[in-house]
Amino acid sequence: MTLKPDAQLQKICNLAQLRKGDSATIMGLADADANRPEFVRSRLMELGFFQGEKISIVAESFPGRDPMAVRVGNATFALRRLEASMIYVTQDTPGT
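A quick note: this is a predicted structure, and the numbers were derived from the prediction, not measured.

Within the largest apolar cluster, 22 residues are counted, with the highest numbers of intra-cluster contacts made by Leu15, Phe49, Ile55, Val70, Ile87 and Val89. Not counting chain neighbours up to four residues away, the residues in contact with valine 89 comprise Lys11, Ile12, Cys13, Asn14, Leu15, Leu18, Ala24, Thr25, Ile26, Met27 and Ile55.

Written as structure tokens, this is what we have:
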């Protein structure tokens, strides 16, 4: 993933770091590596996890917060934390 340096660069985190009720904007997907295979990255793109999409955390499992339910557009998906860690986001501030 290549990001352009700007003021928001410091606010970028991965989706797995957010909590229930948080919302964010997708900045991109991580490149595949030994722990995060390419087929997972491809599947996330097929499901609509694209740069610029708004995303929100709907629910988290208890205990351990894994999996988590996320809403992208009009669809809700259950993601494992490993999958969520591949999605880079910038967290929205209240009122955005």
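Here the focus is the pattern of salt bridges. Counted according to the given criterion, the structure contains four salt bridges. The salt bridge involving arginine 43 is made with glutamate 46; its shortest N-O contact spans 3.1 Å. Of this pair, arginine 43 and glutamate 46 both sit in helix α1 (residues 38-47), three residues apart, which is roughly one turn of that helix. Linking arginine 80 and glutamate 83 is a salt bridge whose minimum nitrogen-to-oxygen distance equals 2.7 Å. What makes arginine 80 partly exposed here is its relative accessible area of 45%.

Okay, α1 next. Among all positions in α1, only Val40, Arg41 and Leu44 are buried. The buried side chains of α1 occupy one side of the element, clustering within an arc of 100 degrees when seen end-on. For α1, the exposed residues set more than 90 degrees away from the buried face come down to Phe39 and Glu46. Contacts made by the buried residues of α1 are with β2 (23-29), β5 (75-79), α2 (81-84) and β6 (87-91). Positive phi shows up at glycine 48, right after α1, with a value of about 110 degrees.

Moving on, we come to the sheet that holds β5. Each strand in a sheet pairs with another by means of backbone hydrogen bonds, the pair being arranged parallel or else antiparallel. As summarised here, the arrangement of the six strands in space is β1-β6-β2-β3-β4-β5, forming an open sheet in which the pairing is antiparallel. Edge positions in the open sheet fall to β1 (12-14) and β5, since each of these has one partner strand only. Neighbour-to-neighbour, the strand axes of this sheet turn through a mean angle of 40 degrees, independent of strand direction. Pairing analysis gives five bridges linking β2 to β6, with the strands arranged antiparallel. When the bridges of β6 are listed, isoleucine 26 appears paired with valine 89. This element, α1, spans β2, β5 and β6 of the sheet and lies at about 130 degrees to β2.

Another point: the pairing of β5. In the sheet, strand β4 (residues 68-72) pairs with β5 via five bridges, with the strands oriented antiparallel. Bridged to arginine 71 within β5 is threonine 76. Between β4 and β5, which pair antiparallel one after the other, the connecting turn spans two residues, and glycine 73 there sits at a positive phi close to 60 degrees.

Thresholds, definitions, all that
- Residues numbered from 1 in each chain as written.
- Predicted model: local features only at pLDDT ≥ 70, side-chain atom pairs only at ≥ 80, totals over all residues.
- Heavy atoms only, no water.
- Core = buried A, V, L, I, M, F, W, Y, C linked by side-chain atoms within 4.5 Å.
- Buried < 20%, exposed > 50% of the residue type's maximum accessible area, 1.4 Å probe, protein only.
- Contact = heavy atoms within 4.5 Å.
- Salt bridge = Lys/Arg side-chain N within 4 Å of Asp/Glu carboxyl O.
- Helix = DSSP H or I, 4+ residues; strand = E, 2+ residues; numbered from the N terminus.
- Arc of directions from axis to C-beta.
- Pairing = 2+ DSSP bridges.
- Axes fitted to C-alpha atoms, helices over the stretch in contact; angles between N-to-C directions.

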